[in-house]
Amino acid sequence: MCFFPFIFAKTQLPLWYAYGTFFVLLTSSLASYYFNYRQIVLTADQKDYKITIHVKSITIIKSVLQILAIVYLSDGYVWWLLLEFIAVIFTTISVNLLLRREYPWLSARVKTGKELKGKYSEIIKKTKQLFFHKVGGYVLTQTSPLVIYAYTSLTLVAVYGNYMLIIMGIMALLAAIFNSIGAGVGNLVASSDKDHILNVFEELFCSRFLFVGTACYCVYRLAPTFITLWVGPEYQLDNLSLILMVAIMYINLIRTVVDSFINAYGLFQDIWAPIAEAILNIGLSVLFGYWWGIPGILCGVLISLLLIVFTWKPIFLFRKGFKTSISNYIYLYIKSIISLLFTTVIVLYISNYINLNPASSYINFILYASLTGSLYLILLLIPLYLFNKGTRDFVKRITRIKLYPFDRF
């Protein structure tokens, strides 16, 4: 915070906006470490949905009140910050009451921790390794706006932030759908049935690819129109920057399948990987940003992801976790990418004949988005179903759940 006068020297807003916002968001982040850390037990117990119900209910109420405050109250942003801070307190209380009800025996004491530290030394070792991976993830997500601001202006950072707001919303939606599989993958890996593990990996990859591919297409086609409707055409990014952002979004979304299995196997010893990723990310972003602006910065991020996340992580998983050849994964990926490209060409062609102007109103935009998104999802599902066993297994699983919802009882 000492550097805020330098960081925000170009802004026309009062400096207390930055201090107030940072303090509230920092408090929110710290609360999860100091008060809500025990909720990881719910995740491991495959009860993540209970956290979601408590947290998201408060988030929805908070968001509605913040919108009303911004629209109808003077000094609306002050009220926005106050509501954000109050929501943090209520969320912390709600989560801790839930944990106390679910696990009344669970408590954290320093004395007990010291006793268990020697007994479970592997956890300490893995935590130290995981620290480097978390730092690498932080560098990936948090440095780009700073580099953009260094080379351009705060206005362009805001333009970039508008697109990132849309992308982060899509990523949060898909995370809510898929992230709950983490504990299940852990149980699967513990079973040590190699063939079954590989089959489930393929099924998870194919299902994830279906929704990620659809989401990326929709962001590329619909984000500029939504930005125009929302804040005006002057806040649009150039097409190359949008393509690069969608490519980064794709890798960050599709990587979670590999990451889930890496986490389940506890494969964190490649600490050089996040360090290399961070160095490549910052170094290439600064270098390319000096030459080409925002597209150059995004190219630096994309290259670091391609080299470490897209290439190394699957190799590492198949070599150290699955202990089998990666050739089947490469073949699966090639078939999936060909299906994606084929579907994209077909839907782009069909879109020319949809007699609906999405930029004319929000209603038309919603109708157009629903139509093109559904069309892309269905057309992508067809080749994936025909050529990938994992997709067929996923469809059978969904159909079975739909037709026989009580068969597990």
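Cut-offs used in this document
Residues numbered from 1 in each chain as written. Predicted model: local features only at pLDDT ≥ 70, side-chain atom pairs only at ≥ 80, totals over all residues. Heavy atoms only, no water. Helix = DSSP H or I, 4+ residues; strand = E, 2+ residues; numbered from the N terminus. Rg over C-alpha atoms; globule rule 2.2 N^0.38 Å. Buried < 20%, exposed > 50% of the residue type's maximum accessible area, 1.4 Å probe, protein only. Contact = heavy atoms within 4.5 Å. Axes fitted to C-alpha atoms, helices over the stretch in contact; angles between N-to-C directions. Parallel < 35°, antiparallel > 145°, perpendicular 65-115°, else oblique. Left-handed = near helix turned anticlockwise from the far one by under 90°. Nonpolar A, V, L, I, M, F, W, Y, C, P; charged D, E, K, R; others polar. Core = buried A, V, L, I, M, F, W, Y, C linked by side-chain atoms within 4.5 Å. Patch = residues over 30% accessible without salt bridge, like charges linked within 9 Å, V, L, I, M, F, W, Y side chains within 5 Å. Areas by Shrake-Rupley, 256 points an atom, 1.4 Å probe, with all protein chains shown as cover. Salt bridge = Lys/Arg side-chain N within 4 Å of Asp/Glu carboxyl O. Lys, Arg positive; Asp, Glu negative; His and termini not counted. Charge placed at Lys NZ, Arg CZ, Asp CG, Glu CD. Disulfide = S-S within 2.5 Å. Expected span 1.5 Å × (residues − 1). Bend = angle between axes of the 7 residues up to and from the residue. Phe/Tyr/Trp six-rings, centres within 6.5 Å; stacked < 30°, edge-to-face > 60°.

Colleague: Would you mind showing me how to read the overall build of the chain here?
Modeller: For the chain, the helix and strand inventory stands at 17 helices and zero strands. Rg of the C-alpha trace for the chain: 23 Å, near the compact-globule value of 22 Å for 409 residues, within the 12% margin. Overall, the C-alpha framework of the chain stretches about 65 × 60 × 50 Å when taken along its three principal axes. Scored against the burial criterion, the 409 residues of the chain give a buried share of 39%. Once local pairs closer than 6 in sequence are excluded, the contacts in the chain between residues at least 24 apart make up 77%.

Colleague: Even after reading the chapter, I still don't get the packing of helix α8 (residues 144-151) against helix α14 (residues 294-322), so can you show me in this structure?
Modeller: The angle between the axes and the distance between the axes are what describe a pair of packed helices. Viewed as axis vectors pointing N to C, α8 and α14 meet at an angle of 150°, and their least axial separation amounts to 10 Å. By the angle between their axes, α8 is roughly antiparallel relative to α14. You can see that α8 and α14 cross each other, and the crossing is right-handed. Across the interface between the two elements, Ser144, Val147, Ile148 and Tyr151 of α8 pack against Ile294, Ile297 and Val301 of α14. Considering only residue class, the contact of α8 with α14 consists of six nonpolar, one polar and no charged.

Colleague: Help me understand the nonpolar core in this model?
Modeller: Across soluble globular proteins, nonpolar side chains show a tendency to be buried alongside one another. Ranked by internal contacts, the top residues of the largest apolar core, which has 69 residues, are Tyr163, Phe201, Phe205, Tyr250, Phe261 and Leu317. At the level of elements, α8, α9 (154-178), α10 (181-191), α11 (194-230), α12 (239-265), α14, α15 (327-351) and α16 (362-387) are the ones that each hand at least two residues to this core. Of the residues forming this core, the biggest block, 15 residues, is contributed by α11. Once residues lying within four places of it in the same chain are set aside, the contact partners of leucine 317 are Phe201, Val258, Phe261, Ile262, Tyr265, Leu267, Phe322 and Lys323.

Colleague: Hey, could you run me through the side chain of threonine 225 in this one?
Modeller: Residue position: threonine 225 is located in helix α11. Residues in contact with threonine 225, not counting those within four places in the same chain, are Pro358, Ala359 and Phe365.

Colleague: Help me understand a positive patch on the surface in this model?
Modeller: Positive charge collects at one region of the surface, where Lys194, Arg319, Lys320 and Lys323 lie side by side. If you trace the backbone, lysine 194 turns up in helix α11.

Colleague: I keep staring at the side chain of arginine 208 and nothing clicks. Help me out?
Modeller: Mapped onto the elements of the fold, arginine 208 is located in helix α11. Aspartate 259 is the oppositely charged side chain nearest to the buried, salt-bridge-free arginine 208, at an N-O distance of 8.6 Å. With sequence-adjacent residues up to four places away left out, arginine 208 is seen in contact with Leu174, Phe178, Leu253, Ile254, Thr256 and Val257.

Colleague: For this particular structure, what's the right way to read the packing of α12 against α14?
Modeller: Close contact between α12 and α14 brings their axes to 9 Å; oriented N to C, the two are set at 20°. The orientation of α12 with respect to α14, classified from their angle, is roughly parallel. The two elements α12 and α14 meet at a crossing, and its hand is left-handed. Looking at the contact of α12 with α14 residue by residue, the classes come out as 23 nonpolar, three polar and two charged.

Colleague: Could you clarify how one ought to interpret the state of the cysteines in this entry?
Modeller: Two cysteines joined by a covalent bond between their sulfur atoms form a disulfide. Under the criterion given, the structure shown has zero disulfides. Sulfur of cysteine 216: no disulfide; nearest cysteine sulfur belongs to cysteine 218 and is 9.4 Å away. Judged by its relative accessible area of 8%, cysteine 216 falls in the buried class.

Colleague: Sorry if this is basic, but what is going on with the environment of proline 224 here?
Modeller: With respect to the secondary-structure elements, proline 224 resides in helix α11. Using a relative accessible area of 18% as the deciding quantity, one classes proline 224 as buried. Sequence-distant contacts of proline 224, that is, excluding residues within four places in its chain, are made with Tyr163, Val219, Gln236 and Leu242.

Colleague: Explain the pattern of salt bridges to me, please; I cannot follow it from the model alone.
Modeller: Opposite charge on two side chains lets them pair, provided their charged atoms get close. Scanning all chains against the criterion turns up nine salt bridges. Two residues, lysine 50 and glutamate 102, come together in a salt bridge whose shortest N-O distance is 2.7 Å. Taken together, the residues lysine 50 in helix α4 (residues 48-72) and glutamate 102 in helix α5 (residues 76-102) connect sequence positions 52 residues apart. In this structure glutamate 102 comes out as partly exposed when scored by relative accessible area, which is 22%. Taken together, the shared-partner salt bridges connect Asp45, Lys47, Lys50 and Glu102 into one network.

Colleague: Explain α14 to me, please; I cannot follow it from the model alone.
Modeller: Every α-helical turn comprises 3.6 residues, leaving residues that sit three or four positions apart pointing alike. Over its 29 residues, α14 extends 39 Å from the first C-alpha to the last, a length consistent with the 42 Å expected when each residue adds 1.5 Å. The principal kink in α14, of about 35°, is found at tryptophan 312, preceding the proline proline 314 by one to four residues. Positive backbone phi, approximately 55°, marks lysine 323, located one or two places after α14.

Colleague: What am I meant to see in the environment of leucine 174 here?
Modeller: Topologically, leucine 174 is positioned in helix α9. Of the residues examined, leucine 174 reaches a relative accessible area of 6% and is grouped as buried. When residues no more than four places from it in sequence are discounted, the contact partners of leucine 174 are Asn179, Arg208, Phe211, Val212, Ala215 and Leu253.

Colleague: Explain α15 to me, please; I cannot follow it from the model alone.
Modeller: Relative to the 36 Å expected for 25 residues at 1.5 Å per residue, α15 spans 36 Å between its end C-alpha atoms, a close match to the ideal helical length. On its buried face, α15 sits against α11, α12, α14 and α16.

Colleague: Looking at this model, I keep getting lost on the packing of aromatic side chains. Mind explaining?
Modeller: The description of two aromatic rings rests on the distance between their centres and on the angle between their planes. Scanning the model with the defined rule gives 34 aromatic pairs in all. Note on tyrosine 17 and tyrosine 77: the rings are 5.2 Å apart at their centroids and 0° apart in plane angle, and the pair reads as stacked. With tyrosine 17 in helix α2 (residues 15-34) and tyrosine 77 in helix α5, the pair connects residues that are 60 residues apart, well separated along the chain. On the basis of relative accessible area, tyrosine 17 is assigned to the partly exposed category, the value being 26%. Ring centres of phenylalanine 288 and tryptophan 292 lie 5.4 Å apart, and the angle between their planes is 40°; on these two criteria the pair is classed as tilted. Of this pair, phenylalanine 288 and tryptophan 292 both sit in helix α13 (residues 272-292), four residues apart, roughly one helical turn.

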